[in-house]
Amino acid sequence: MYDKKKLAAIAARRKKWQEEDLASNHRKSPPRLDRFSTVSDEEIDLLYTPDSLSNFDYEEDLGNPGQYPYTRGVQSTMYRGRLWTMRQFAGFGSAEDTNARFKFLLSQGQTGLSTAFHFPTLMGYDSDSPRAKGEVGMCGVAVDSLKDMEILFDGIPLDKVTTSMTINGPAAMVFAMYLAVAEKQGVPFRKVGGTIQNDILKEYIAQHSWIFPPEPSMRIITDILAYCADNVPRWNTISISGYHIREAGSTAVQELAFTIADGIAYVQAGIDAGIPVDKFAPRLSYFFNAHMDFFEEIAKYRAARRMWARIMRERFHAKDENSWKLRFHTQTAGCTLTAQQPMNNVVRVALQALSGVLGGTQSLHTNSMDETMALPTEQAVTVALRTQQIIAEESGVANTIDPLGGSFFVEQLTNEMEEKAMEYIRKIDEMGGMVAAIKQGYPQREVADAAFHFQRLVDAGKKRIVGLNAYESQEGTPIPLLKIDELVEKQQVARTREVRRRRNAKKARACLSALKEGSLTPNVNLMPLLVDAAREYVTLGEMCDTLRETMGVYTDPAMF
Amino acid sequence: MAKGKGAAATSKKAVRKIRILVGKPGLDGHDRGAKIIARALRDAGVEVIYTGLHQTPEMIVSAAAQEDVDGIGLSILSGAHNYLFPRILQLLREKKMGDVVLFGGGIIPDDDIPKLLKKGVDRVFTPGTPIQEIVDYVNERIRPRK
């Protein structure tokens, strides 16, 4: 991109500057730190100049927004056309409680819904299971049957609002219930839009809400890919998630690498299941973390888009441009928030959100300041939503596309990020792909090592966290916290038992035996069977138990 | 003679390492903290048994009995601590293991901490605690039981 002679002159002048000017100034005012590095502990140079990018090619490395390789964004208008979707993750207590929170958020200008389920649902247990004791409604909303789903979306038209659902092990079952609600509202499946996370590989690596072992889990996922391609074309079938990998302690490069490697595994599985790549790939989406190191994060999103475009075109020979585009949701990093001086979290979240926006995200969740202590109060979540609105409407950063494009630093960081992530992907390919790598515990170990390394840096004061190991103060928690009433569990257990009593027992039983039969037959798509079961108020726990019998369960390898 | 036996027991006691069970009760899968603590304790010379995820109180107490541990460290995020911690204490007492020290940490609101301590939890660590503080606590507070 640059004239060779000019580059050589710039490099020479820089060398001279570094040896003379800088060296003498450093004697007077030495560097603050022995070593400058990102939050992932990648070394950072003191200055980036055009010669850092000597082989940079505008067309090949950046291109225009909406064009291959999409480094500058997947849409040609980006936020000048439409702002990102503001999608706060919400869910607590009963379906009624969460429905009220949904309506509150929509009334405050939120533009999409995102559902947090409680742990028993995430693990495929009903609220009256002994495993659920003490956990009902605590960390998300309890959804046991279609009844709960109907209440959750009461008064919310499913053809007008898109919903994201953070659900993985039982993604197919929860999705089936959502479709059954749409049907009851009279909304045809082809008009239903939204996302199920449905990213089981990430669960084995990091988040750990799984049910079945990898192979049967992958079969359920390819069933969803095929079913949606034919019946629910607006649905994002997998939200391939780096978010939780990062929360578990990975570096930015690991987040990028393992997430894209998971994506590769899903595309390969879809192709192996006989679905043409362009039929399902356009509906795959991504989900990344927005961590604390501003530029490292921006580089990560830009690198992700470019990598995916190249992988889809060159490795999988996808023809449809929509298969090449990496669309992603971003959530600010919960793990960076501190319980100490919690108001500071508002500032952290603002910076993280800004990196997501400058990175070109399609949808954003901003964490609330109180989330290291509890689920957000209405006041805290409002501030978090307002943070997005201020970035969107007041800061001016949404007025031009990819404003950091061409920054020597950002482009260099983007290149490095891609190179290092591709190195990981090559390693995983050599192991036989992500499923094989997970079985060897490879990504799990890499993440645990990185988490431990970072904790050591913090404890040694080498990474400073305001309020935690710098500028500490003794003040207590000055903000109110949300409490979940213990009555929720009693009421939820009663409701689920009532649902089982009132439904057509014969039909429910028939659905479960059809599901069992189907799971034993490789070419049967399980989705229609699950939708049938959801309609008959078969509970999530019953569906999952049936499949546990035929598919087995995954147990934690418990390594540290 | 009694004295001699006591001395032998003391020297044996000095040799035996502290044994800690690091447990993840309940259904949440957030084990970053548990794994970091497990590693740090192991590096500090403590014998660590990690239960892995999704453990019921019964599973944790039975592993603690089997491994003959001196202390149990629980990590929890799900909000179910008010049920799970006391339930584990109750099972320990039922198994005559009341002298096993139970401590924990995770996402636990300040208001709940005095209640947990009153029920017999020895110590609750809040988010942001340096790992060395937990290692020191274990070394100072917990002794091999026999």
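Definitions and limits used
Residues numbered from 1 in each chain as written. Chains lettered and ligands numbered in written order. Predicted model: local features only at pLDDT ≥ 70, side-chain atom pairs only at ≥ 80, totals over all residues. Heavy atoms only, no water. Helix = DSSP H or I, 4+ residues; strand = E, 2+ residues; numbered from the N terminus. Buried < 20%, exposed > 50% of the residue type's maximum accessible area, 1.4 Å probe, protein only. Areas by Shrake-Rupley, 256 points an atom, 1.4 Å probe, with all protein chains shown as cover. Contact = heavy atoms within 4.5 Å. Buried area = accessible area lost by both parts, 1.4 Å probe. Salt bridge = Lys/Arg side-chain N within 4 Å of Asp/Glu carboxyl O. Polar contact = N/O pair within 3.5 Å; in protein donor to acceptor, adjacent residues only side chain to side chain. Nonpolar A, V, L, I, M, F, W, Y, C, P; charged D, E, K, R; others polar. Pairing = 2+ DSSP bridges. Axes fitted to C-alpha atoms, helices over the stretch in contact; angles between N-to-C directions. Expected span 1.5 Å × (residues − 1). Arc of directions from axis to C-beta. Core = buried A, V, L, I, M, F, W, Y, C linked by side-chain atoms within 4.5 Å.

Draft legend 1. How the structure looks around the overall build of chain B. A tally of regular secondary structure across chain B gives six helices and five strands. In sequence order, the secondary structure elements of chain B are arranged as α-β-α-β-α-β-α-β-α-β-α. Counting the 146 residues in chain B, one finds 55% classified as buried. Counting only carbon and sulfur atoms, one obtains 54% of the accessible surface of chain B, whose full area is about 6,600 Å².

Draft legend 2. Broad picture of the interface of chain B and chain A. With 39 residues of chain B at the interface, the matching set in chain A holds 41 residues. Of the roughly 3,300 Å² buried between chain B and chain A, counting both surfaces, carbon and sulfur atoms make up 59%. For chain B, the biggest contributors to the area lost against chain A are B:L27, B:R32 and B:R39; these three give 25% of the whole. Scanning the region where chain B abuts chain A turns up two salt bridges. The salt bridge partner of B:D112 is A:K483, with a shortest N-O separation of 3.3 Å. Counting the contacts that link chain B with chain A gives 11 residue pairs in polar contact (both at pLDDT 80 or more). Counting residues per element, the ones that place at least two in the side of chain B that touches chain A are α2 (32–43), β2 (47–50), α4 (81–94) and α6 (131–141) of chain B. When the residues that make up the side of chain B that touches chain A are grouped by side-chain class, the tally is 17 nonpolar, 12 polar and 10 charged.

Draft legend 3. Spotlight on the sheet that holds strand β1 (residues 85–86) of chain A. Residues and elements named next belong to chain A. Strand order in this open sheet of five strands is β1-β10-β9-β8-β7, and the pairing throughout is parallel. What marks the edges here is a single partner per strand, and that holds for β1 and β7 (238–241). Sheet topology places strand β8 (residues 284–290) next to strand β9 (residues 328–332); five bridges connect them, and they run parallel. When the bridges of β9 are listed, N289 appears paired with Q331. On the sheet, helix α12 (residues 294–315) packs against β8 and β9 and is oriented at approximately 160° with respect to β8. Sheet strands touched by helix α14 (residues 344–358): β8, β9 and β10 (363–365). Its angle to β9, the strand with the most contacts, is close to 165°.

Draft legend 4. Structural view of helix α19 (residues 487–502) of chain A. Residue and element names in this part refer to chain A. The end-to-end C-alpha distance of α19, which contains 16 residues, comes to 23 Å, matching closely the 22 Å that a straight helix rising 1.5 Å per residue would cover. Buried residues of α19: V488, E489, Q492, V493, R495, T496 and V499, and no others. Relative to the axis of α19, the buried residues are bounded by an arc of 160° and lie together on one face. Opposite the buried face of α19, at more than 90 degrees from it, the exposed residues are K490, Q491, R501 and R502. Turning to α19, the residues buried within the fold contact α3 (95–107) and α5 (146–152).

Draft legend 5. Representation of the side chain of A:R72 within the structure. Residue and element names in this part refer to chain A. Mapped onto the secondary structure, R72 falls in the loop between α2 (58–62) and β1. Since its relative accessible area comes to 16%, R72 is described here as buried. A distance of 3.1 Å separates a polar atom in the side chain of R72 from a polar atom in the side chain of Y58.

Draft legend 6. Seen up close, the sheet that holds strand β3 (residues 71–76) of chain B. Residues and elements named next belong to chain B. Sheet architecture is open: five strands sit in the order β2-β1-β3-β4-β5, paired in parallel fashion. Only two strands of the sheet have a single partner each, and these edge strands are β2 and β5 (123–125). On average, each strand axis in the sheet is tilted by 20° relative to the strand beside it, whichever way the strands run. Docked against the sheet, α2 engages β1 (19–23), β2 and β3, running at close to 160° with respect to β2.

Draft legend 7. Local environment of the nonpolar core. Residues and elements named next belong to chain A. Judged by nonpolar contacts, the single largest core of 87 residues is most densely connected at F258, I260 and M434. A per-element tally of this core places helix α10 (residues 252–272) first, with 12 residues. Discounting residues that sit within four places of it in the chain, M434 has contacts with L201, I205, F258, A261, D262, A265, I428 and P443. Listed in part, the 84 residues of the second largest apolar core include L105, L122, V143 and V397.

Draft legend 8. Structural context of the pattern of salt bridges. Residue and element names in this part refer to chain A. Enumeration according to the criterion identifies 50 salt bridges over all chains in this entry. A salt bridge links E498 to R501; the shortest N-O distance between them is 2.9 Å. With E498 and R501 both in helix α19 and three residues apart, this pair spans about one turn of that helix. With relative accessibility at 29%, the residue E498 sits in the partly exposed group. For R501, a relative accessible area of 61% corresponds to the exposed category. Of the charged contacts, one joins E542 and R503 as a salt bridge, the two residues approaching to 2.8 Å between their closest N and O atoms. Here E542 is found in helix α22 (residues 540–551), whereas its partner R503 is found in the loop between α19 and α20 (505–519), with 39 residues between them in sequence. With a relative accessible area of 16%, E542 lands in the buried category. Here the salt bridges share partners, and the residues they tie into one network are D126, D128, R497, R500, R503 and E542.

Draft legend 9. Molecular detail of the environment of A:F408. All names here are of chain A. Mapped onto the elements of the fold, F408 is located in helix α16 (residues 408–431). Between the C-alpha atom of F408 and that of L53, which follows or precedes it by 355 residues, the distance is 7.0 Å. Not counting residues within four places of it along the chain, the set of residues in contact with F408 comprises Y2, Y48, T49, P50 and L53.

Draft legend 10. How the structure looks around the side chain of A:S164. All names here are of chain A. The topology assignment puts S164 in strand β4 (residues 163–166). Of the residues examined, S164 reaches a relative accessible area of 14% and is grouped as buried. Once you skip the residues sitting within four places of it in the chain, S164 turns out to touch R87, L113, S114, T115 and T195.

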